[in-house]
Structure formats: structure tokens, C-alpha cells
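Descriptive analysis of the structure
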Amino acid sequence: MTKKCLIAQALVLLSFGSAQARDRILIVGSSTVFPFSMAVAETFSEKSGQKAPIVESTGTGGGLKLFCAGVGANTPDITNASRRIKKSELEICRKNGVTPVEVIVGYDGIVLANSKAGPEFDITIEQMFLALAKNIEHQGEVRPNPFADWSEIDPELPAEKIEVFGPPPTSGTRDAFEELVMEAGCKIVGGIEEDACPEIRNDGAYVESGENDDLIVEKLEVNPGTVGLFGFSFLDQNSNEIQGAAVGSIEPTFENIASGAYPISRPLYFYVKKEHVGTIPGIEGYLGEFTAESAWGDDGYLAEKGLIPLTADQRKEGAARIQKMEPLQL
């Protein structure tokens, strides 16, 4: 080992010495990836006999902030993300001595859903934008969104008040929705400056509901006309109570997302802190369990929970990247 490597290793060990070393993995981040991470954590613990990792749902933005804050036992080892890390976040990581290793774990769809006791929705990306944009061009001028009911946008839509419960700005699901729906819909509709396209209305039609998607599901059960915004896995897990809206007449199903037919889908990630591997016990075992075919494979237990698997070649590449602990390059 070179003198430079020995010095770097010593600095990492000193940082861990500043706080009592943990005897289990700490994982933070995306509420969408949370159920998959929990399932892997529980299986890893059962198989290895080691303490189950602590998994906290902080949202993608919040998780990356904690993850990139530095190296040491008082910082997370892994952060889940429902969008890719931003360049600005990666710069903060590097500034604080953190080397992220990126893992794409699978795919997910973003869905609009409501109670099965309510009306069925078949909606387009353009109509979603018109329902949720802060400002739109209406009658020749840009002004605050005037639509109160879905049927005002299109008579074919339900005659229900526009009320959408969704994630806050710290959520990767919110980021992905703004890119895949708000920006795309804005281009179709036109009349709005590009920078203003992602702005979601704040007049009560969109209700920020924190990072707990289970709370959104509970609200939908109480009010059948209300719509929720979250990842496909939560629709899949609660399919007895809620129904997903078709987008352009394409249903949000496992098969449609996997094939690319469903238009609102995105990759899911987690990031490993390279400096913690070999210092916090269990990280290698957890990573091995997550990337086992029995977990993230086509017939793995994560697919049963709603994760859309990567292709076999993508999984092979991802597992190799983890084995080598290749630092992320953007």
C-alpha cells in the first residue's frame, strides 16, 4: 500500500474514532426505495445473523444532504434516491471527503391514484400539467391557474375538485414528476417560460404531504375524489384500496412500466459511501444481498414488492461496479 493510501486510511479511521463506531448499517433517503431497502435489510439480517440495518425514510434530497455531510460513524453509509444525484450534491460530497458509489436498482413508475370508491381517471401529461401548473396561458395571457375541477380541463375527466396529495420539494418523486410531467406538459401546452414550467400551484389544489406515502393512501381512502401522487410500488402494495390512473389510456402496471409503454417511469438508485466499506460492519453483505438474483432479479422478492427489474446485462454491470467500488463520475 502506498504512503498516500495509508495516510488516507488513517484519516478515515480518525474520523470514526471521533464517535462511537456503529455495529449496524445506517441507510437514509427516498420513501420510494424505502420498502425495497427494508426488505433487503431484513433478509440480510436473517441470513447473516447480523443486526438489521437501520433504514430511515428522509426523502431523496434530505438523504443526500445527510450522506454528503462527511465521513464518520455519525453519518449514513447508504442513501436511497428516486432520482440521480445532482452535480451540486456530488460536489458537496467530494468537498466533505465522501466518495459515492452509484447503484441503479431498478425502475419505478410515478402514478396518480385514488380510492376504488371514486371515479376512474384516464389522463394525459398535458392535462396533468394544466391541473397542477402554478401559472398557465389562458385566454391569451399568462395568469394563475384558473381550473378548480378536473372536468373544466376536459369534460371527459371526472367532475371532481382538483385536489392532489403529493410529496414535498425534497422528494425525488417530486423532482422526477416535475421533469417528466410538468416540463413535458409545459412544452405541449406552450405559452410559459421554460424556467417556470416545473412550478406547481400553491393555492390548495396540490397538498404537500411529507415523505410518508402511507399517509397519502389513508387520505385517499377517506375522500374518493382526492388523488395521490407516488411511486408504483405503493399502488401495488395498496391495490385493494386504490386504483391507478391510466396515462394516455395506458394503465400503470408492472408489465407496462417494464416494457417502457407507461410514459411516466424513472430509474431508482442508492449510493454507498466508499469510505465506510470495511469499517462499518455488514455493508458488503447488504450489498451482496441487494444485488443477488433472488432479490433484484426478474423473479426476485423485490419484484414481488413492485420493483421493476433491470435487464440481466444491467444487473451484471451493476454488481460488477459494486464489487470494484467504482467511484461515481458525472
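Each residue is numbered by its place in its chain's sequence as written, counting from 1. Side-chain atom pairs in this predicted model are given and counted only at pLDDT of 80 or more, local residue features only at pLDDT of at least 70, and totals for whole chains, interfaces and linings cover all residues. No hydrogens and no water enter the side-chain calculation; it runs on all heavy atoms of the structure.

Per an unreviewed UniProt entry, the chain carries the name Substrate-binding domain-containing protein and comes from Roseibium polysiphoniae.

Attention shifts here to the packing of helix 2 (residues 34-48) against helix 11 (residues 283-290). The angle between two axes is taken between their N-to-C directions and runs from 0 to 180 degrees, where each axis is a line fitted to C-alpha atoms and a helix contributes only its stretch in contact. Helix and strand assignments follow DSSP, with helices taken as H or I runs no shorter than four residues and strands as E runs no shorter than two, numbered in order from the N terminus. Between helix 2 and helix 11, whose axes approach to 9 Å, the crossing angle comes to 115 degrees. The hand of the helix 2/helix 11 crossing is right-handed. Contacts between helix 2 and helix 11 involve Phe-36, Ser-37, Val-40, Ala-41, Thr-43, Phe-44 and Lys-47 on the former and, on the latter, Gly-285, Tyr-286, Glu-289 and Phe-290. Looking at the contact of helix 2 with helix 11, its residues break down into six nonpolar, three polar and two charged. Note on convention: the crossing is left-handed when the near helix lies turned anticlockwise from the far helix by less than a right angle, right-handed when the turn is clockwise. Residues count as neighbours in contact if any of their non-hydrogen atoms are within 4.5 Å of one another. Each residue is assigned to one class: nonpolar for Ala, Val, Leu, Ile, Met, Phe, Trp, Tyr, Cys and Pro, charged for Asp, Glu, Lys and Arg, and polar for all the others, Gly among them.

This part takes up the pattern of salt bridges. Salt-bridge detection follows one rule: a side-chain nitrogen of Lys or Arg within 4 Å of a carboxyl oxygen of Asp or Glu. Under the definition given, this model contains twelve salt bridges. In this structure, Arg-315 and Asp-298 form a salt bridge, with 3.2 Å as the shortest nitrogen-oxygen distance. One end of the pair, Arg-315, is in helix 14 (residues 312-324); the other, Asp-298, is in the loop between helix 12 (293-296) and helix 13 (301-304), and 17 residues separate them in sequence. Here the term buried applies to any residue with accessible area under 20% of the maximum for its type, exposed to any over 50%, and partly exposed to those in between, with areas from a 1.4 Å probe on protein chains only. The class of Arg-315 is buried, set by a relative accessible area of 4%. Through salt bridges with shared partners, a single ionic network connects Arg-83, Glu-89 and Asp-175.

Take the state of the cysteines next. The rule for a disulfide is simple: a pair of cysteine sulfur atoms within 2.5 Å. Under the criterion given, the structure shown has two disulfides. Paired by a disulfide, Cys-68 and Cys-93 hold their sulfur atoms 2.0 Å apart. Across the S-S bond of Cys-68 and Cys-93 the torsion is about -70 degrees, and the bridge reads as left-handed. Of this pair, Cys-68 sits in the loop between helix 3 (60-67) and strand 3 (78-81) while Cys-93 sits in helix 4 (residues 87-95), placing them 25 residues apart in sequence. Each member of the pair Cys-68 and Cys-93 is classed as buried.

With that settled, the discussion passes to the environment of Lys-65. As for its position among the elements, Lys-65 is in helix 3. Under the relative-accessibility criterion, Lys-65 is labelled exposed at 67%. Counting along the chain gives 41 residues from Lys-65 to Arg-24, while the straight-line C-alpha distance between them is 21 Å.

Once that is clear, we can look at the side chain of Arg-22. Checked against the element boundaries, Arg-22 lands in the loop between helix 1 (3-17) and strand 1 (26-29). Judged by relative accessible area, Arg-22 falls into the buried class, the value being 16%. N or O atoms closer than or at 3.5 Å make up a polar contact, with two conditions inside protein: a donor-capable atom paired with an acceptor-capable one, and, for residues adjacent in sequence, both atoms drawn from side chains. From its side chain, Arg-22 meets the backbone oxygen of Ala-73 in a polar contact 2.7 Å long. In this structure, Arg-22 is in contact with Gly-72, Ala-73, Thr-75, Pro-76, Asp-77, His-276, Ile-280 and Pro-281, ignoring residues within four places of it in sequence.

We now examine the packing of aromatic side chains. Stacked, tilted and edge-to-face are the three classes assigned to paired rings of Phe, Tyr and Trp, where Trp is represented by its six-membered ring and a pair needs centres within 6.5 Å; plane angles under 30 degrees give stacked, over 60 edge-to-face, the rest tilted. Enumeration according to the criterion identifies four aromatic pairs in this entry. Summarising the aromatic geometry, the rings of Tyr-269 and Tyr-271 are spaced 6.1 Å apart at their centres and angled 15 degrees between planes, so their arrangement reads as stacked. Each member of the pair Tyr-269 and Tyr-271 is classed as buried. An angle of 75 degrees between the planes, with centres 6.0 Å apart, marks the rings of Tyr-286 and Phe-290 as edge-to-face.

Let's shift gears to the nonpolar core. Side-chain atoms within 4.5 Å are what join buried Ala, Val, Leu, Ile, Met, Phe, Trp, Tyr and Cys residues into a set we call a nonpolar core. Among the nonpolar cores identified, the biggest contains 47 residues, and Trp-150, Phe-177 and Phe-230 are the most heavily contacted of them. Contributing elements (two or more residues each) for this core: strand 4 (100-115), helix 5 (125-132), helix 6 (150-153), strand 8 (164-166), helix 7 (172-189), helix 8 (213-222), strand 10 (227-231) and helix 9 (232-237). The element contributing the most residues to this core is helix 5, with six residues. When residues no more than four places from it in sequence are discounted, the contact partners of Phe-230 are Gly-109, Ile-110, Val-111, Ala-113, Thr-173, Asp-213, Ile-216, Val-217, Leu-220, Leu-235 and Ile-242.

What follows is about the packing of helix 5 against helix 7. Relative orientation of the contacting elements helix 5 and helix 7 amounts to 95 degrees, with a least axis distance of 8 Å. When the interaxial angle is binned, helix 5 and helix 7 end up roughly perpendicular. Together, Ile-125, Glu-126, Met-128, Phe-129, Leu-130 and Leu-132 of helix 5 and Phe-177, Leu-180, Val-181, Met-182, Ala-184, Gly-185, Cys-186, Ile-188 and Val-189 of helix 7 make up the contact between the two elements. For the contact of helix 5 with helix 7, a count of residues per class yields 13 nonpolar, one polar and one charged. Here roughly perpendicular refers to angles of 65 to 115 degrees, roughly parallel to angles under 35, roughly antiparallel to angles over 145, and oblique to all remaining angles.

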